[in-house]
Amino acid sequence: MMETMAVHGPGIITEEEPFTPGHRACSGCGEALSVRLAAKAIGNNAIIVNATGCMEVVASPFPHTSWRIPWIHTLFENTAAVASGAEAGLRALVKKGKRPEKNVKVVALAGDGGTSDIGLQALSGALERGHDLVYICLDNEAYMNTGIQRSSATPFGASTTTSPAGRESLGQVTWKKNLPAIAVAHDIPYVATACPSYHRDLMKKVAKALEVKGPAYIHVLSVCPVGWRCATEDTIKVGRLAVRTGVFPLYEVENGQYKLSLTLTKLEPVDSYLKLQGRFRHLTEDTIKIIQERVNREYAKLVEMASKSSPSG
Amino acid sequence: MPKKILMAGNIAIAEGAILAGCQAYFGYPITPQNELLEHMAKRMPEEGRVFVQTESELAAISMLYGAAAAGCRAMTSTSSPGFSLQQEGISYMAGAELPAVLVNVMRGGPGLGNIGGAQGDYFQATKGGGHGDYRLINLAPASAQEMMDLTMLAFELADKYRNPVVLLTDGFLGQAMEPVIIRQPVTELPDKPWAITGAAGRPKNVINSFEMEPANFQPRVSLLLQKFERIKQNEVRYQGIHLDDASLVIVAYGSASRSALTALKMARQKGLRVGLLRPITLFPFPYQILADLAQKVSDFLVAELSSGQFIEDVKLAVGLDKRVELASQYGGVPLAPETILETIERMSKVTIGR
């Protein structure tokens with residue numbers, strides 16, 4: 001079932017922790033893990049632009065912070081715009097000789113609500129203008145910080161406080177918005193999906209995004225045991241199943257060329273992923289079948305796009 | 001016996017809206033008003049009405065603009081930062097004379113602030129908030145019961161004056177649970193012949209707030225101003241407690257008035273003649289009531305959950321020759337009755353000559 005993993009020796013992953021432990025995330029938080037791993041790849045020569053959301057609240061309760069590197073909080077809707085401003089401001093100072101060129105990386109972090117709903121306009125603007133920045137969407141598939149309200153990244157069938165499952169409804173009635181595809185449509189140099197269950201893959205992609213000249217977008221599925229109603233010790237397992245069922249495939253799009261990050265000869269049934277989560281508990285066999293068919297279709301499309309893409313990019 | 005149910009203030013607002021015939025609700029998650037949004041997500045479909053979780057507060061206010069223009073009783077709810085984001089749309093609604101209900105469950109600010117209750121949006125809500133010459137009717141509930149009752153009144157006044165109405169409350173009142181008597185539902189809604197509903201068989205209606213020629217726009221704004229004057233004449237609401245023999249009057253609204261009422265009772269036990277004036281409408285503000293009180297009372301104490309906003313209207317009403325002191329908390333911190341009592345005692349010991 002699960003793929004076998006090699007044991008990683010010391011020195012392969014840096015022991016530096018730009019995002020320190022001691023923050024207030026819930027136990028089993030997949031998003032805090034995503035940020036920790038991304039921060040290791042980002043290093044110290046960076047500015048983090050952080051939207052309102054779980055990671056901002058748990059990691060920066062005044063006067064404490066988990067960030068060892070420069071960090072700025074933004075509104076909910078404007079993360080990509082603030083990151084654009086920081087990048088443009090630094091560039092202007094370097095150009096005028098007011099600051100030395102130190103190749104400072106600007107990295108925007110926002111949740112799925114802050115990216116796919118309220119922040120989409122600002123994101124589109126930043127990607128279109130071509131700022132040299134990395135935008136990481138930490139997708140836990142609902143507004144978890146305010147109490148598990150649905151977002152446009154909430155998957156079909158999930159019960160949330162504003163898409164409650166019951167007699168009248170099966171929960172979320174719309175399909176998850178395809179944010180990576182929207183990013184790709186902006187014709188930017190680098191788009192990737194990642195999940196902390198595949199930690200080395202995540203770090204590699206962040207490192208690659210930082211090297212790219214121009215905008216890069218990484219969409220990170222981050223398991224939320226509280227909102228998804230799964231066991232806190234299952235965070236890694238649930239994330240891995242999201243990938244291996246094809247619900248959340250891992251891939252890269254470099255200069256428009258699709259490349260699957262993992263070769264899955266056969267997808268696990270979606271049921272194995274759904275059944276671990278209370279938010280899907282109410283789903284009937286028929287609904288699960290609809291989800292399975294959709295996943296098969298979407299995954300096949302992705303495989304086709306990858307097969308059409310040239311390996312060199 | 002009417003039904004009495006224990007409910008949080010946020011839920012009372014939602015149920016009040018349903019009783020008032022609200023057909024469409026548009027909202028976006030923000031603490032401390034989420035219970036309202038979540039309750040509407042469950043209840044509106046049950047009632048066969050429309051619930052939409054929008055992609056932002058900007059979308060919520062814009063959908064409200066559309067629904068109101070279509071002649072629908074509609075509402076949005078948010079908390080301080082979301083209310084700021086909605087200001088442009090609110091100005092357009094006021095300019096286009098669209099009736100709708102806006103709920104602001106205020107929290108600590110400025111900026112992201114925090115999720116504690118506060119009254120720091122007083123200026124923004126009562127003086128207009130967005131651009132241009134306009135006012136919003138502001139209703140300030142002080143209990144879960146009033147959350148329901150004033151929400152129902154808000155819909156009535158919005159339609160009566162074709163103006164947006166703000167229910168200005170805060171996180172403390174939104175979260176606190178109190179018994180609420182469930183009111184009778186409104187069954188007859190007013191006709192809206194001005195609404196845009198398609199022009200088959202009648203002349204077209206136009207909803208806008210635009211006039212290129214300034215000389216033509218001014219008369220339109222004048223009509224708005226005349227409307228605000230009518231509102232000032234007809235809609236002032238307040239509650240007075242122990243005003244007859246008071247030598248010191250506390251002026252407070254919303255949750256601050258709850259602390260003030262406790263402080264009043266404590267002061268009365270100590271033999272201090274303290275009264276309370278609680279504006280229920282913040283626009284129109286009860287200027288005349290306060291001015292009349294100032295004929296016989298010289299000492300006023302303003303209690304507010306902001307750092308001296310509401311006090312400006314009190315000073316304007318009572319005049320500069322009166323003593324007006326402030327007992328306040330801000331940034332999401334609750335105001336303890338003891339803090340108000342201390343100020344009362346200090347003011348009572350020291351009398352200033354006149």
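Residues numbered from 1 in each chain as written. Chains lettered and ligands numbered in written order. Predicted model: local features only at pLDDT ≥ 70, side-chain atom pairs only at ≥ 80, totals over all residues. Heavy atoms only, no water.

Asks: How would you summarise the overall build of chain A if you had to cite specific residues and measurements?
Replies: Looking only at helices and strands, chain A features eleven helices and eight strands. A compact globule built from 313 residues would reach a C-alpha radius of gyration of about 20 Å, and chain A, at 19 Å, matches this within 12%. Overall, chain A is about 65 × 50 × 40 Å in size when its C-alpha atoms are taken along their principal axes. The burial tally for chain A puts 53% of its 313 residues in the buried class. The contacts of chain A with a sequence gap of at least 6 include a subset with a gap of at least 24, amounting to 70%. Total accessible area on chain A stands at roughly 14200 Å², and carbon and sulfur atoms take up 55% of it. (Helix = DSSP H or I, 4+ residues; strand = E, 2+ residues; numbered from the N terminus. Rg over C-alpha atoms; globule rule 2.2 N^0.38 Å. Buried < 20%, exposed > 50% of the residue type's maximum accessible area, 1.4 Å probe, protein only. Contact = heavy atoms within 4.5 Å. Areas by Shrake-Rupley, 256 points an atom, 1.4 Å probe, with all protein chains shown as cover.)

Asks: Quick rundown of the packing of helix H10 (residues 254–269) of chain B against helix H13 (residues 337–349) of chain B? Include the residues and the values.
Replies: Residues and elements named next belong to chain B. Packing of H10 against H13 brings their axes to within 8 Å, and their N-to-C directions diverge by 55°. Relative to H13, the element H10 is oriented oblique. You can see that H10 and H13 cross each other, and the crossing is right-handed. Facing H10, whose interface residues are Ala 256, Ser 259, Ala 260, Thr 262, Ala 263, Met 266 and Ala 267, H13 presents Pro 337, Glu 338, Ile 340, Leu 341 and Ile 344. Counted by class, the contact of H10 with H13 contains nine nonpolar, two polar and one charged residues. (Axes fitted to C-alpha atoms, helices over the stretch in contact; angles between N-to-C directions. Parallel < 35°, antiparallel > 145°, perpendicular 65-115°, else oblique. Left-handed = near helix turned anticlockwise from the far one by under 90°. Nonpolar A, V, L, I, M, F, W, Y, C, P; charged D, E, K, R; others polar.)

Asks: Mind laying out the interface of chain B and chain A, listing which residues take part and the relevant values?
Replies: Taken together, the contact between chain B and chain A spans 16 residues of the former and 16 residues of the latter. Interface area for chain B against chain A, summed over the two sides, is near 1200 Å², with a carbon-plus-sulfur share of 61%. Considering only the side of chain B, the residues that lose the most area to chain A are Tyr28(B), Gln53(B) and Leu112(B), jointly responsible for 38% of the buried surface there. Joining chain B to chain A, the criterion identifies zero salt bridges. Across the contact surface, chain B and chain A share eight residue pairs in polar contact (both at pLDDT 80 or more). Top element by residues in the side of chain B that touches chain A is helix H2 (residues 34–46) of chain B. It accounts for five residues. For the side of chain B that touches chain A, a count of residues per class yields eight nonpolar, four polar and four charged. (Buried area = accessible area lost by both parts, 1.4 Å probe. Salt bridge = Lys/Arg side-chain N within 4 Å of Asp/Glu carboxyl O. Polar contact = N/O pair within 3.5 Å; in protein donor to acceptor, adjacent residues only side chain to side chain.)

Asks: Which residues make up the environment of Ile250(B), and what values go with them?
Replies: All names here are of chain B. Within the secondary structure layout, Ile 250 lies in strand S10 (residues 248–251). As a C-alpha pair, Ile 250 and Val 324 span 74 residues in sequence and 9.5 Å in three-dimensional space. When residues no more than four places from it in sequence are discounted, the contact partners of Ile 250 are Ala 260, Leu 264, Val 274, Gly 275, Leu 276, Leu 277, Leu 301, Ala 303, Ile 340 and Ile 344.

Asks: Mind laying out the sheet that holds strand S11 (residues 274–279) of chain B, listing which residues take part and the relevant values?
Replies: Backbone hydrogen bonds hold the strands of a sheet together, and the pairing may be parallel or antiparallel. All names here are of chain B. The strand order S9-S11-S10-S13-S14 describes an open sheet built from five strands, whose pairing is mixed. The open sheet has two edge strands with one neighbour each: strand S9 (238–241) and strand S14 (323–328). For this sheet the average axis-to-axis angle between neighbouring strands, irrespective of direction, equals 20°. Bridge analysis of strand S13 (residues 299–304) against S14 gives six bridges, and the strand direction is parallel. Following the sheet pairing, Leu 301 is matched in S14 by Glu 325. (Pairing = 2+ DSSP bridges.)

Asks: An account of the sheet that holds strand S12 (residues 281–283) of chain B is requested, with residue identities and associated values reported.
Replies: Residue and element names in this part refer to chain B. What the seven strands build is an open sheet, ordered S3-S2-S4-S5-S7-S6-S12; its pairing is mixed. Each edge of the open sheet is held by one strand with a lone partner, namely strand S3 (50–53) and S12. For this sheet the average axis-to-axis angle between neighbouring strands, irrespective of direction, equals 20°. Direction of pairing for strand S4 (residues 74–78) relative to strand S5 (residues 100–106): parallel, over a ladder of four bridges. When the bridges of S5 are listed, Thr 76 appears paired with Leu 102.

Asks: With reference to specific residues and values, describe the confidence of the model for chain B.
Replies: Mean pLDDT over chain B works out to 96, with 99% of the residues at or above the 70 mark. As a predicted assembly, this complex carries a pTM of 0.94 together with an ipTM value of 0.91. (pLDDT = per-residue confidence, 0-100.)

Asks: Account for empty space enclosed by the protein, with residues named and values stated.
Replies: Residues and elements named next belong to chain A. According to the stated counting rule, one finds one cavity of 30 Å³ or more in the structure shown. Size it by volume and the largest cavity reaches roughly 60 Å³. Every residue lining the largest cavity is listed: Asn 103, Val 104, Lys 105, Val 106, Asp 132, Leu 133, Val 134, Ala 209, Leu 210 and Val 212. At the level of elements, strand S3 (105–111) and helix H7 (199–211) are the ones that each hand at least two residues to the lining of the largest cavity. Looking at the lining of the largest cavity, its residues break down into seven nonpolar, one polar and two charged. (1 Å grid on protein atoms, 1.4 Å probe; cavity = no way out; pocket = protein on both sides within 12 Å on 5 of 7 lines; lining within 4 Å. Points joined across faces, edges and corners; volume = space filled by probe spheres on them.)

Asks: Give me the packing of helix H3 (residues 57–69) of chain B against helix H5 (residues 87–95) of chain B: which residues, what numbers.
Replies: All names here are of chain B. Close contact between H3 and H5 brings their axes to 9 Å; oriented N to C, the two are set at 15°. Classified by the interaxial angle, the pair formed by H3 and H5 is roughly parallel. Note that H3 runs across H5; the crossing there is left-handed. Residues Ile 61, Leu 64, Tyr 65 and Ala 68 of H3 lie in contact with H5, whose contacting residues are Gly 89, Ile 90, Tyr 92 and Met 93. Class assignment for the residues of the contact of H3 with H5 results in seven nonpolar, one polar and no charged.

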